[in-house]
Amino acid sequence: MKHRLLYLFIIVLHTGIAHGQVTYFADLLGKGFKQATIVQPSDYEGSVTCTIVRKTTPEKSSKAVLYIHGFNDYFFQEEMAERYLKEGFNFYAVDLRKCGRSWLSHQKFNNVRDLAEYYADIDTALAVIKGEGNEKVLLSGHSLGGLVASLYASDRVGKEKFDAVLLNSPMFTLNIKSGLKKSALPLLIKRAEKHPESNFDLGINPLYGESLHVTAHGEWSYSLGLKPFIAPPVNLGWLRAVHNAQERVAQGIQINKPVLVLHAARSIDEKKWSDIFFTGDAILNVDEVALRAQNIVGQYSIQAVQGGMHDLVLSKQPVRDEVYSTIFNWAKRTVK
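Cut-offs applied
- Here, residues in each chain are numbered from 1, in the same order as that chain's written sequence.
- Local features in a predicted model are, by the rule used here, given only for residues with pLDDT of at least 70; side-chain atom pairs are given and counted only at 80 or more, and totals for whole chains, interfaces and linings are based on all residues.
- Only hydrogens and water are removed before side-chain values are computed, so all heavy atoms of the structure are retained for them.
- By definition, any uninterrupted DSSP run of H or I lasting at least four residues is a helix, any uninterrupted run of E lasting at least two residues is a strand, and each is numbered from the N terminus.
- For a compact globule the rule gives 2.2 Å times the number of residues to the power 0.38, and the radius of gyration it is set against comes from C-alpha atoms.
- Any residue under 20% of the maximum accessible area for its type is buried, any over 50% is exposed, and the rest in between are partly exposed; the area is computed with a 1.4 Å probe on protein chains only.
- When checking whether two residues touch, look at their non-hydrogen atoms; a contact exists if any pair is within 4.5 Å.
- In summary, the charge assignment counts Lys and Arg as positive and Asp and Glu as negative, without counting His or the chain termini.
- Working definition for charges: the position is that of NZ of Lys, CZ of Arg, CG of Asp or CD of Glu.
- We define a salt bridge as a contact between a side-chain nitrogen of Lys or Arg and a carboxyl oxygen of Asp or Glu at a distance within 4 Å.
- Counted as a polar contact is a pair of N or O atoms within 3.5 Å, where, for protein atoms, one must be capable of donating a hydrogen and the other of accepting one, and residues adjacent in sequence contribute only when both atoms are in side chains.
- Paired strands, as defined in this entry, are two strands with at least two bridges between them according to DSSP.
- Axis lines are fitted through C-alpha atoms, for helices just across the contact stretch, and the angle between N-to-C directions can take any value from 0 to 180 degrees.
- Any helix carries an expected span of 1.5 Å times its number of residues minus one.
- By arc we mean the arc of the directions from the helix axis to the C-beta atoms, nothing more.
- Here a Phe, Tyr or Trp ring, Trp counted by its six-membered ring, pairs with any other such ring whose centre lies within 6.5 Å, and the pair is stacked when the planes are under 30 degrees apart, edge-to-face when over 60, and tilted otherwise.
- Whether a charge sits over a ring depends on NZ of Lys or CZ of Arg being within 6 Å of the ring centre and within 35 degrees of the ring normal.

**Student:** Would you explain the overall build of the chain in this entry?
**Tutor:** Across its full length, the chain carries ten helices and 13 strands. For the chain, whose C-alpha radius of gyration is 19 Å, the value lies close to the compact-globule estimate of 20 Å for 336 residues. Taking all 336 residues of the chain together, 55% fall into the buried category. Across the chain, contacts joining residues at least 24 apart in sequence account for 75% of those joining residues at least 6 apart. When the 39 positive and 34 negative side-chain charges of the chain are each reduced to one mean point, those points stand 3 Å apart.

Right under this line is the structure:
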């Protein structure tokens, strides 16, 4: 109902977006966070929105970060936002279409057929950020958001509205067993051309979500309605879109701004709960992520984080302190 009301009553003209003229309301996080829902052009499912979440520094600042969440995800990382604010960055996040705050009742969660569909949401958010007086912008993406951000940065060469790119465990590869990749995956990709709406279960281990959420084994509180332990099945169209994007990275992409790629030092593949989930990436093959990151053409740095989880900023306290130290030491040199 909340999303339906937002869609009906919060209509922002794109002519105003270019000048930062959006209307903010109190966000579900409270604590000074505000949100604005943007109505985008309709697509094959009908009406589409994206949502910008903002919190600004106590003292006026002309630099900002735009955070793009991952798959089966939305922005909820208050601590991350506060860290950026402390470092003088106005904080912005975008809940992409059909995800989190932007999901509408007629839509299938996470449903896209080309990752470039997200570009309009990022363009909109960056236009708002620039329109609100931010001169320097760090573009940051986690997991699927990292894959999207990397391709977006490559496709916006020469037209960038950002100054550096941070990738937190970017989804440069699907963690599918090699035998399945060689046999079933090509057939599924082919089938997706004519049947993009067919369902496919990615088989993501629900124990990763349990390692995060306060009601299970974790320390973080967030909506299990917007980020459930078990992700809804995706469509084959989504699988094809992600596969095609990952193949682009494998072939090499050019990014003309500084890039920092961070990933966990090791992957884990446990079938039963244990504290080992706090020490590695339970979603991606980190060796493949590191290998494919080397296909970025430009100024990039790749760093493994010992003890890091899939979302590095949700790792245990000493680890995430190291992550933030790495990010801000790098940002001081690249987002001046």
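From this point, the discussion proceeds with the structure in view.
**Student:** Is there a simple way to explain the pattern of salt bridges in this structure?
**Tutor:** Once the charged atoms of two side chains with opposite charge are near each other, the side chains can pair. Going through the model one piece at a time under the given rule, you end up with 20 salt bridges. A salt bridge links Arg101 to Asp95; the shortest N-O distance between them is 2.9 Å. On the basis of relative accessibility, which here comes to 0%, the residue Asp95 falls in the buried class. The closest approach of N and O atoms between Asp269 and Lys271, which form a salt bridge, is 3.2 Å. Owing to a relative accessible area of 65%, Lys271 belongs among the exposed residues under this scheme. A cluster of three or more residues bridged by salt bridges with shared partners is formed by Glu79, Glu219, Lys316 and Arg320.

**Student:** Whenever I open this one, the environment of Thr215 confuses me. Can you help?
**Tutor:** Its place among the elements puts Thr215 in the loop between helix H7 (206-212) and strand S9 (234-235). Residue Thr215 is classed as exposed on the basis of its relative accessible area of 60%. Contact partners of Thr215, with chain neighbours within four places excluded, come to Leu224 and Phe229. Within the local environment of Thr215, its side chain forms a polar contact with the side chain of His213, the two groups lying 2.8 Å apart.

**Student:** Can you walk me through the sheet that holds strand S1 (residues 25-26) in this structure?
**Tutor:** Strand pairing in a sheet takes place through backbone hydrogen bonds and is either antiparallel or parallel in direction. Spatial strand order, S1-S2-S3-S5-S4-S6-S7-S11-S13: nine strands in an open sheet with mixed pairing. With one partner strand each, in any of the chains shown, S1 and strand S13 (300-305) form the two edges of the open sheet. By the bridge criterion, five bridges tie strand S3 (residues 46-55) to strand S5 (residues 90-95) in an arrangement that is antiparallel. Residue pairing for S5: Thr51 is matched across the bridge by Asp95. Along the sheet face, helix H3 (residues 78-86) touches S3, strand S4 (63-68), S5, strand S6 (136-142) and strand S7 (164-168) and points at about 145° away from the line of S5.

**Student:** How should I be thinking about helix H10 (residues 317-334) in this particular structure?
**Tutor:** In an α-helix, one full turn covers 3.6 residues, which means residues spaced three or four apart are oriented alike. Taking 1.5 Å of rise per residue, the 18 residues of H10 would be expected to cover 26 Å, and the 26 Å separating its terminal C-alpha atoms lies within 8% of that figure. Regarding H10, the residues found buried are Val319, Arg320, Val323, Tyr324, Thr326, Ile327, Phe328, Trp330, Ala331 and Thr334. Buried residues along H10 sit against H3, S6, S7, strand S11 (259-264) and S13.

**Student:** I keep staring at the side chain of Ser150 and nothing clicks. Help me out?
**Tutor:** As for its placement among the helices and strands, Ser150 is situated in helix H5 (residues 144-155). Aside from chain neighbours lying at most four places away, what touches Ser150 is Leu167, Phe172, Val249, Ile253 and Ile255.

**Student:** I tried to follow the pairing of S3 on my own but got confused; where do I start?
**Tutor:** Successive side chains on a regular strand alternate, one facing one side of the sheet and the next facing the other. The element S3 is extensively covered by neighbouring structure, given that eight of its ten residues are classed as buried. Across eight bridges, the pairing between strand S2 (residues 34-43) and S3 is antiparallel. The residue of S3 that forms the bridge with Ala36 is Ile52. Adjacent in sequence and paired antiparallel, S2 and S3 are bridged by two residues.

**Student:** Would you take a moment to explain H3 for this structure?
**Tutor:** Among all positions of H3, only Met80, Ala81, Tyr84 and Leu85 are buried. Taken down its axis, H3 places every buried residue within 140° of arc, on the same side. Among the structural elements, S3, S4, S5, S6, S7 and H10 are those in contact with the buried residues of H3. Looking one or two residues beyond H3, the residue adopting positive phi is Gly88, at roughly 90°.

**Student:** Can you help me understand the packing of aromatic side chains in this one?
**Tutor:** One pair of aromatic rings is described through two measures. These are the centre distance and the angle between the planes. Following the criterion strictly, the structure yields 16 aromatic pairs and no others. With a centroid separation of 6.2 Å and an interplanar angle of 40°, the aromatic rings of Tyr84 and Phe91 are classed as tilted. Judged by its relative accessible area of 0%, Phe91 is buried. The rings of Phe33, Tyr67, Phe75, Tyr84, Phe89, Phe91, Tyr324 and Phe328 are connected pair by pair, giving a single aromatic cluster. Taking the ring centre of Phe278 as reference, the NZ or CZ of Lys316 above it sits at 4.1 Å.

**Student:** Would you explain unusual backbone geometry in this entry?
**Tutor:** For residues that are not glycine, phi is negative in most cases, and the peptide bond is trans in most cases. Of note in the backbone geometry, Lys31 takes a positive phi value of approximately 55° without being a glycine. Tracing the chain through its elements places Lys31 in the loop between S1 and S2. We classify Lys31 as exposed; its relative accessible area is 60%. Positive phi, close to 50°, is recorded for Ser169, a residue that is not glycine. In this fold, Ser169 is placed in the loop between S7 and helix H6 (178-194). For Ser169, a relative accessible area of 1% puts it in the buried group.

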